Amino acid sequence: MERVEVDVDAVKLSFLKGKDVDIVYIHGSGCDATLWESQLSDIGGYAVDMPNHGESCKAEIRDIDDYAYFVAKAIKKILGEAIVVGHSLGGAVAQKVYLNHPKVVKGLILVGTGVRLRVLPQILEGLKEKPEETAKMTSRYAFSDEKLADEFSKLFAERATILLKDLSLCNRFDLLEKYRGGEIKIDVPTLIIVGEKDMLTPVKYSEFLKQHIPNSEMVVIPEAGHMVMLEKPEEFNRAVKEFLKKF
Ligand code: COA
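Computed from a predicted model, the values in this text were never measured in an experiment. (Residues numbered from 1 in each chain as written. Predicted model: local features only at pLDDT ≥ 70, side-chain atom pairs only at ≥ 80, totals over all residues. Heavy atoms only, no water.)

Draft legend 1. Structural context of the pairing of strand β7 (residues 190-195). Among the six residues in β7, six count as buried, and that is most of the element. Of the pairings in the sheet, the one linking strand β6 (residues 105-111) to β7 comprises four bridges and is parallel in character. Across the sheet, residue I109 finds its bridge partner in β7, namely L191. In terms of strand pairing, β7 meets strand β8 (residues 216-221) through six bridges, oriented parallel. Each bridged residue has a counterpart across the sheet, and for T190 the counterpart in β8 is S216. What joins β7 to β8 is helix α9 (residues 203-212), and the crossover it makes is right-handed. (Buried < 20%, exposed > 50% of the residue type's maximum accessible area, 1.4 Å probe, protein only. Helix = DSSP H or I, 4+ residues; strand = E, 2+ residues; numbered from the N terminus. Pairing = 2+ DSSP bridges. Right-handed = clockwise from strand over helix to strand, strands pointing away.)

In structure tokens form, the structure reads like this:
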């Protein structure tokens, strides 16, 4: 698969690219663009390695708005505007891309995410004190399939430092009251996807999004956990392709 590089404020951002479609995928905590390989090869588009992840360069990231800044500037350079897909932390980034840089977003796909992403204290503490064991536990929470979970836990263990940093940012992400109070209004077509067995961002988080985003639809994928795009790529891609017919 091809790689595309874009400079934002002298920080190199690297994207994995499938066929030329104006979709940009944003990975979750401790992951990178390779998370989206099934989507890139079937649907196409661009998957970003956020700063400090994958093949992208380092940058100072203080909050989710900083990730959103880099992603939005890169979208502007590559495509002008795009349908922005975000998973988990990436879903928080996608919301911030829309809220802070609305001109680059023509649609949103929010996957296994929410408006507030508090993290279990035993994950945050455990990643500092016993990273390998905690990576395994986190991975078990992330997948409905134990075999996939144990394969993936090695990646989480290798990336414990950035995983902890990302999860700490998630833990501080909170737009709940702003959505409730009507201060946030998303008015682009939005698809919400969640695995039926998601334990990290349960279905009720997606239901909240559905209730507060007027032009939205929700697809709950059976027999899938938090890593729904990896666990059920066919069902996931079918939902995305159906949504793309709107554009
Ligand atoms: N959308 C809608 N409602 C939400 C929400 C979201 N994204 N996040 C929290 N809420 C609601 C909860 O349902 C709860 O409502 P209730 O009082 O009616 O039950 C309320 O807000 C407070 O919940 P929460 O913010 O989660 O705080 P808590 O102190 O009750 O629980 C955790 C903290 C960490 C135990 C809990 O957030 C959790 O289990 N998180 C999932 C596990 C995890 O670590 N996920 C990682 C995400 S990246």
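Draft legend 2. Spotlight on the environment of V104. Considering the arrangement of structural elements, one finds V104 in the loop between α3 (89-100) and β6. Given the relative accessible area of 5%, V104 is considered buried. V104 sits 30 residues away from A74 along the chain, and the two C-alpha atoms are 9.7 Å apart. If we skip the residues at most four places from it in the chain, V104 touches A72, I75, K76, G80, E81, A82 and V97. (Contact = heavy atoms within 4.5 Å.)

Draft legend 3. Inspection of the pattern of salt bridges at higher detail. With the rule as written, the count across this model stands at 17 salt bridges. Several salt bridges converge on common partners, so that one network encompasses R3, D49 and E55. (Salt bridge = Lys/Arg side-chain N within 4 Å of Asp/Glu carboxyl O.)

Draft legend 4. Geometry of unusual backbone geometry. Unusually for a residue other than glycine, D9 sits at a positive phi of about 50°. The exposed category is assigned to D9, whose relative accessible area is 52%.

Draft legend 5. Quick look at the packing of helix α4 (residues 121-129) against helix α7 (residues 160-172). Running from amino to carboxyl end, α4 crosses α7 at an angle of 155°, the nearest separation of the two axes being 10 Å. Considered as vectors, α4 and α7 are oriented roughly antiparallel to each other. α7 is crossed by α4, and the crossing has left-handed handedness. Contact with α4, carried on its side by I123, L124, L127 and K128, involves A160, L163, L164, L167, S168 and N171 of α7 and no other residues of that element. Its residues placed into classes, the contact of α4 with α7 shows seven nonpolar, two polar and one charged. (Axes fitted to C-alpha atoms, helices over the stretch in contact; angles between N-to-C directions. Parallel < 35°, antiparallel > 145°, perpendicular 65-115°, else oblique. Left-handed = near helix turned anticlockwise from the far one by under 90°. Nonpolar A, V, L, I, M, F, W, Y, C, P; charged D, E, K, R; others polar.)

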